[in-house]
Structure formats: C-alpha cells, structure tokens
Amino acid sequence: EAGVAQSPRYKIIEKRQSVAFWCNPISGHATLYWYQQILGQGPKLLIQFQNNGVVDDSQLPKDRFSAERLKGVDSTLKIQPAKLEDSAVYLCASSVDRLLYEQYFGPGTRLTVT
Amino acid sequence: AQKVTQAQTEISVVEKEDVTLDCVYETRDTTYYLFWYKQPPSGELVFLIRRNSFDEQNEISGRYSWNFQKSTSSFNFTITASQVVDSAVYFCALSEVATDSWGKLQFGAGTQVVVTP
C-alpha cells in the first residue's frame, strides 16, 4: 500500500513570495490533515478535512494560508505572502476516519523563508 | 495551555541500556486517546501505539512497552535494550473526543533519544 505522498520535499523562497505544497493521502482515507512543525517543536494542526469539507481550521492563519481538497482526495496548502516565521516542515497526514484510526504521515516539505 | 508535556528534551544512552520517556497530559474529557509517534532523522512520523482512556492495561510490543496511569495522567514509554536504530525524536500526543476536538492530535514537544554504540 502506497503511503502519503508530498511534494516538493524542500523549498526555499524569499519573504513575501508565495508557495504551494501538495499532498496525496493513502487511497480510501477520508480524513486529511496539514500540520506545521517548527524546528524543536511538536507538529501543530493547521487544518483538517473530512472528505472535501473542512472540519477544523481554527489554527490556520487565514490571512496568508489557504488549503483545499476539492475532490476529496489530494490537497494543496498555499502560503501567500510568506513570512520568515513560516519556515518549518509542513506535514500531511491521513486516516481512515476521524479519531478512531491512527494518522499516517507523509515525509513532509521543509520550507525555508529567507 | 499545554495539553501534553514531555519534560525530557534529550536522553542519551549507550546501546543495550533501557530508556524511559515521560509523558504527562491534561484533559477534562473522560474519553480521550493517547498516542506515541517516532520521528527518525528522515522526518516521517511513524505511529507506534494508540491507547484509549478506558484501557489502562499496560502494553508490550517487542522491546517497546507503555505504562498508562490515569491517576497521575501519565503515559510513559520504555525502550528495552536500546539499539542505535532507536535514535529519533519521540512524540506523545493526545486526542480528545469533544466535538470540536474530535480527531485533532495535540503533540508534546518531543524527546530526542540518542543511542550510541
């Protein structure tokens, strides 16, 4: 079974530029998550999708971050414009459904904002 | 407020020593789930265990064991006879069942385990 796929693996941009990350979850997984992991910290949930609907985006900085999962499968997370403090690893995870199933994580995208 | 506390930032051991990672959590829910994940240098988080709040039975899986104590709100993790491949950051996480938190993992800051030959 293929795992969670993410691209790109690394990205370096200047502040005020925009960037997009892509995630393809495990086939059949209804729930998709985006996490931000700043160096030395645990992952922090940014947004959670159930199929193509948003369940929780309370910690998403909506003035600059956006995410979509239009067909209930793959997802895109965008930052526009980026700030220095957005430098982090962005992790995508998926699970069969909410709560009762473990989350499987992708390899992450390491973003550096200069 | 920090819901999951991993007080140990880094633990260094020599191969074959046992290592115990502490995790203390805070919740008002009576139903919740606790997790441990491993993050090796490659960066991908690997699921290790899930435990629900009604199951306080300790669990052993190979060299891994977990001690869940509701009385002290702790869910500690022990690696027996550590190996170099155990070197990683280990995260404890909590998921509460309240409607707005359902499925949301709240991670601790992680404990870096360094196993030297």
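Because the structure is predicted, anything quoted here is derived from the model rather than measured.

Visitor: Quick question: what am I supposed to make of the sheet that holds strand 3 (residues 19–24) of chain A here?
Guide: Backbone hydrogen bonds hold the strands of a sheet together, and the pairing may be parallel or antiparallel. Residue and element names in this part refer to chain A. Spatial ordering of the open sheet is given by 1-3-8-7, a layout of four strands whose pairing is antiparallel. At either margin of the open sheet sits one strand with a lone partner, and together these are strand 1 (5–7) and strand 7 (65–68). Strand-to-strand twist across the sheet, computed as the mean angle between neighbouring axes with direction ignored, equals 15°.

Visitor: Just checking my understanding: could you explain the pairing of strand 5 (residues 32–39) of chain B for this structure?
Guide: Residue and element names in this part refer to chain B. By the criterion of burial, strand 5 is predominantly enclosed, with eight of the eight residues buried. Both faces of strand 5 are covered, namely the face carrying Tyr32, Leu34, Trp36 and Lys38 and the face carrying Tyr33, Phe35, Tyr37 and Gln39. Sheet analysis places strand 5 next to strand 10 (residues 88–96), joined by eight bridges and oriented antiparallel. Its bridge partner being in strand 10, tyrosine 32 is matched across the sheet by glutamate 96.

Visitor: Please clarify how the state of the cysteines should be interpreted in this entry.
Guide: In protein structure, a disulfide is the covalent linkage between the sulfur atoms of two cysteines. The tally for this structure, following the rule as stated, stands at two disulfides over all chains. A sulfur-sulfur distance of 1.9 Å marks the disulfide that ties cysteine 23 of chain A to cysteine 92 of chain A. One quick way to see it: the torsion about the S-S bond of cysteine 23 of chain A and cysteine 92 of chain A is about -70°, and its sign makes the bridge left-handed. With cysteine 23 of chain A in strand 3 and cysteine 92 of chain A in strand 9 (residues 88–95), this pair connects stretches of sequence that are 69 residues apart. With a relative accessible area of 0%, cysteine 23 of chain A lands in the buried category. Look at cysteine 92 of chain A and you get buried, because its relative accessible area is 0%. Covalently, cysteine 23 of chain B is tied to cysteine 92 of chain B through a disulfide, its sulfur atoms 2.0 Å apart. Judged by the torsion about the S-S bond (-65°), the cysteine 23 of chain B/cysteine 92 of chain B disulfide is left-handed. One end of the pair, cysteine 23 of chain B, is in the loop between strand 3 (19–21) and strand 4 (24–25); the other, cysteine 92 of chain B, is in strand 10, with 69 residues separating them in the sequence. Among the residues examined, cysteine 23 of chain B registers a relative accessible area of 0% and is labelled buried.

Reading guide: rules and limits
- Numbers given to residues run from 1 along each chain, matching the order in which its sequence is written.
- Throughout, the order in which chains and ligands are written sets their labels, letters from A for the former and numbers from 1 for the latter.
- In keeping with the predicted nature of the model, local features appear solely for residues at pLDDT of at least 70, side-chain atom pairs appear and are counted solely at 80 or more, and the whole-chain, interface and lining totals rest on all residues.
- Hydrogens and waters are ignored; side-chain quantities use all the structure's heavy atoms.
- Two strands pair under a simple rule: DSSP has to find at least two bridges between them.
- The secondary structure listing takes helices from DSSP runs of H or I that are at least 4 residues long and strands from runs of E that are at least 2 residues long, numbered from the N terminus.
- Note on geometry: axes are C-alpha line fits, over the in-contact stretch for helices, and angles between N-to-C directions span 0 to 180 degrees.
- Note on classification: 1.4 Å probe, protein chains only; a residue is buried when its accessible area is under 20% of the maximum for its type, exposed when over 50%, partly exposed between these limits.
- What counts as a disulfide here is a pair of cysteine sulfur atoms lying within 2.5 Å.

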